[in-house]
Amino acid sequence: MAFVLRRVGHSLVVLLGVTVVVFALVHLVPGDPVRIAMGTRYDPDVYAALREASGLDRPLLEQYVAYLGSALTGDLGVSFRSGEPVTTILLSRLPATVSLAVAGLVVALVVAFPLGVYSALHHGKASDVIVRIVSQVGVSVPDFWMAMLLILLFSSTLGWLPPSGYVPLTEDPVEWARRVAMPAVTLGLVAGSIMTRYIRSSVLEVLGADHVRTAESKGLRERVVLGRHVVRNALVPVLTIVGVQLATMLGGVIVVEVVFAWPGLGRLVLDAVAARDYPVVQGAVLLVAAMFLLVNLVVDLLYARVDPRIKVSR
Amino acid sequence: MTTRTTRRAGLAVVATVATAALFAACSPGEGVDVDGSGEGGSGDAGGILVAAIAGEPDQLDPQSTSSYFSFQVLENVFDTLVAPDENLVMQPALAESWEISDDQLTWTFTLRDDVTWHDGTAFDADDVVYSYRRIMDEELASSWRFAAVEDVSATDERTVVITVTNPSPNLLASIGGYKGVAIVQQENVESGEITTQPVGTGPFELSAYSSGERIELVAHEEHWGGAPHLDGVTFQFIPEPTTALAALAAGEIDWTDSVPPQQVGSLMEDSSIDIAQVGSNDYWYLATNQANPPFDDVRVRQAIAYAIDRDAITEATMYGNATVNQTAIPVSSAWYTEYDTYSLDTARASDLLDEAGVDDLTIDLMVTADYPETVTAAQVIESQLAEVGIAVEIRSLDFGTWLDEQGQGNWDMLMLGWLGNIDPDDFYYGQHHTDGPNNYQGYSNPEVDDLLDAGRTETDEQARQEIYAEAATQIADDASYIYLYNPAVVQTWSPDVVGYVARGDRAIRFADVSLDR
């Protein structure tokens, strides 16, 4: 329990640091953000009102404390562009992002796990080499190119899948699955290729360990050795990379979202940056950082479950 | 005094007046149905038309937005007093008729009596007065269009009187040219809801908005022009053209303007879709900073005009989806002036530079990746000017910084476009009059000033035409702007879509469209 509390405490400290960075963002950008956001629609009265509303006319420390205070209560300000609350905008994008990230992770695991383990068990054989080459290609392929190829194949040529759009999972699960398939495969193949290589080397390392040799020499069946002694121990380093991949996908994947017109956080940030809508950019960065920390926290807690020694050593 | 607000490419894109929009092509054997399939009426098959646009509106207040994506949607939600038909001639809309006093200073508009807002309340003259006052008093983006307007008042429920300080032949274009001057509802504005839940008088009303995804409109059955044939229109935001075209082929969407210029040729051959390529009134140009020597010397500017190959620039940037032009107004317009002085002539350019005593010239050319055509063109221009011994240093900035630099005069040469021009006054006054608000290049020619002032108040069409022909020629001779081309509007749609007309003013209208499937 103390371990859990300590880890949660760490995460909160980091999150506090993130709020400082997010807050500083507006002040580090050269020029006056309100003036820039208004662009050619400049009007002195509107300008003064916006500046006051965003609190930019007050002392820096006071602004930060006020920002932190309202952020804690879920108030992240209002968008410069539409006047809508940033929290509302972020929440409207979250389901699309989370469902795509989870689907992408599932694809990645389905690809990476069998391939990684298989490749490690056939270490040095032709099949291992093939898996390694394929995963190297998977890591190297640009995601927009992969996305285009999928659209050309499954939408334009075969006509099986719709090339774009999003339907909430809660509204129509079948239609959701049809529409999430290509973006999830695009994400999953890239992430899966990276994970395959990690799983392979991790399993290889454990295969050479003393306890595995002992288990084998005890006459345990191969499946038991593999399941209980190899894979479980190989999981620890793999968990890290799985966590990082999931957190990255949760942060929004701009290219994939743009190509498939997926209404996630990535496109929101892209549009907001282009329009210099700082409250939205700030809110999104904060949300993404919080999700990243949450995923890492969960990964750390899982470590402790997989390998009880971790609890003691920290 | 009202300031004329900068309208740069993409910031406010809008309408054009001129006769004869040019239909360059449509798919073989498919003919564009210009007239719609019939008069308004709700007896049609209906259905929801799905249109893909390349981005998301920033907000839905037509008078405040400057985003073309907003105008694409709002074209169907709001009305203006008068509106351009497909030949870009002003026709009655919310106003059924108008009269001009003998001194040309008082315009009296009679409004239709069968107009209702989407929320069911009645529309009247006070709404018009409120809308125009808002634009003028709050100095919104289109307030410059009301520069000559002295007063707007309602004499009764159906009569609006606009008085102007001097005869204003372009008033109809000013109040009808685009949806930035649409009539809005006071209650909707004051509640602040107009930015996300606008209430208009147009043929469709907003029913749902999913951020990042789509805006859904449903038919406004009580529309004064008759109920639309469609049950509704959904605008989906699809940023990637390849995806939009795949979605069109898959039947997921019915219409898109997200067409990469390099694919227009092959799409023209595709008989499974309809495609239109229509001349627009937008223009792209080069300007040199006349405050910086040697660009104050007209011979240096002319040398550049002779040294560049407009055909090559147009091909590189637009893959031929544009018409080369040496003045601003396109050949499709009634205000077009024939002018072709500057055909590519490097010998002539070199002579002019020698006469001006210029050698070893290095030009700072400012471009912005927000308008990628400027970056592409800059590379072509760099190699072309090298032929006459001018070195070009390309400086690529983000558009915000670009605008700042332009305003502060920190540049030698720049390339950009002007969109949404209606009247010849729009094409020339702001950019080339000594006191023009957008005369960043510092051009000043008293003769041109006199012509542009006269053009503003000349009510005889023929005389006005001659004034602008003379002004255009002088401006081009002086190379105040070095004009490049007028781009085309390219849109494509499913053959199921009946009655859609691609327009040179980029207005996307679905009121008279129906679906046949």
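Attention now moves to the overall build of chain A. In terms of helices and strands, chain A carries 14 helices and zero strands. Start at the N end of chain A and walk to the C end: the helices and strands fall as α-α-α-α-α-α-α-α-α-α-α-α-α-α. With respect to the principal axes defined by its C-alpha atoms, chain A has extents near 80 × 55 × 35 Å. Within chain A, buried positions represent 44% of all 314 residues.

Residues and elements named next belong to chain A. Across the interface, helix α5 (residues 86-121) lies against helix α10 (residues 222-250) with an axial gap of 10 Å and an inter-helix angle of 145°. Handedness of the α5/α10 crossing: right-handed. Judged by residue contacts, T97, V98, A101, G104, L105, L109, F113 and L121 of α5 engage L226, V231, L235, V242, L246, M249 and L250 from α10. Partitioned by chemical class, the residues of the contact of α5 with α10 number 13 nonpolar, two polar and no charged.

Here we take up the pattern of salt bridges. By the definition in use, this model includes 23 salt bridges over all chains. Note that R200 of chain A is salt-bridged to D128 of chain A, the shortest N-O span being 2.7 Å. Placement of R200 of chain A in helix α8 (residues 173-207) and of D128 of chain A in helix α6 (residues 126-140) is noted, with a sequence separation of 72 residues between them. For the pair shown, R200 of chain A and D128 of chain A are each scored as buried. With a closest N to O distance of 2.9 Å, E96 of chain B and R158 of chain B form a salt bridge. Note that E96 of chain B is positioned in strand β5 (residues 95-100) and R158 of chain B in the loop between β7 (149-156) and β8 (159-164), a separation of 62 residues in sequence.

Our next topic: the pairing of β7 of chain B. As paired elements, β7 of chain B and β8 of chain B share six bridges and run antiparallel to each other. Along β8 of chain B, the bridge assignment pairs D156 of chain B with T159 of chain B.

What follows deals with the interface of chain A and chain B. Often the size quoted for an interface is simply the accessible area lost on bringing the parts together. Contact residues are listed per partner, giving 25 residues for chain A and 29 residues for chain B. Taken together, the two surfaces of chain A and chain B that pack against each other cover about 2200 Å², and 52% of this comes from carbon and sulfur. Where chain A meets chain B, there are two salt bridges. Between R179 of chain A and E252 of chain B there is a salt bridge; the shortest N-O distance is 3.0 Å. In this structure, the connection of chain A to chain B is made through six residue pairs in polar contact (both at pLDDT 80 or more). In terms of residue class, the side of chain A that touches chain B is built from 11 nonpolar, five polar and nine charged.

Reading guide: rules and limits
Residues numbered from 1 in each chain as written. Chains lettered and ligands numbered in written order. Predicted model: local features only at pLDDT ≥ 70, side-chain atom pairs only at ≥ 80, totals over all residues. Heavy atoms only, no water. Helix = DSSP H or I, 4+ residues; strand = E, 2+ residues; numbered from the N terminus. Buried < 20%, exposed > 50% of the residue type's maximum accessible area, 1.4 Å probe, protein only. Axes fitted to C-alpha atoms, helices over the stretch in contact; angles between N-to-C directions. Left-handed = near helix turned anticlockwise from the far one by under 90°. Contact = heavy atoms within 4.5 Å. Nonpolar A, V, L, I, M, F, W, Y, C, P; charged D, E, K, R; others polar. Salt bridge = Lys/Arg side-chain N within 4 Å of Asp/Glu carboxyl O. Pairing = 2+ DSSP bridges. Buried area = accessible area lost by both parts, 1.4 Å probe. Polar contact = N/O pair within 3.5 Å; in protein donor to acceptor, adjacent residues only side chain to side chain.

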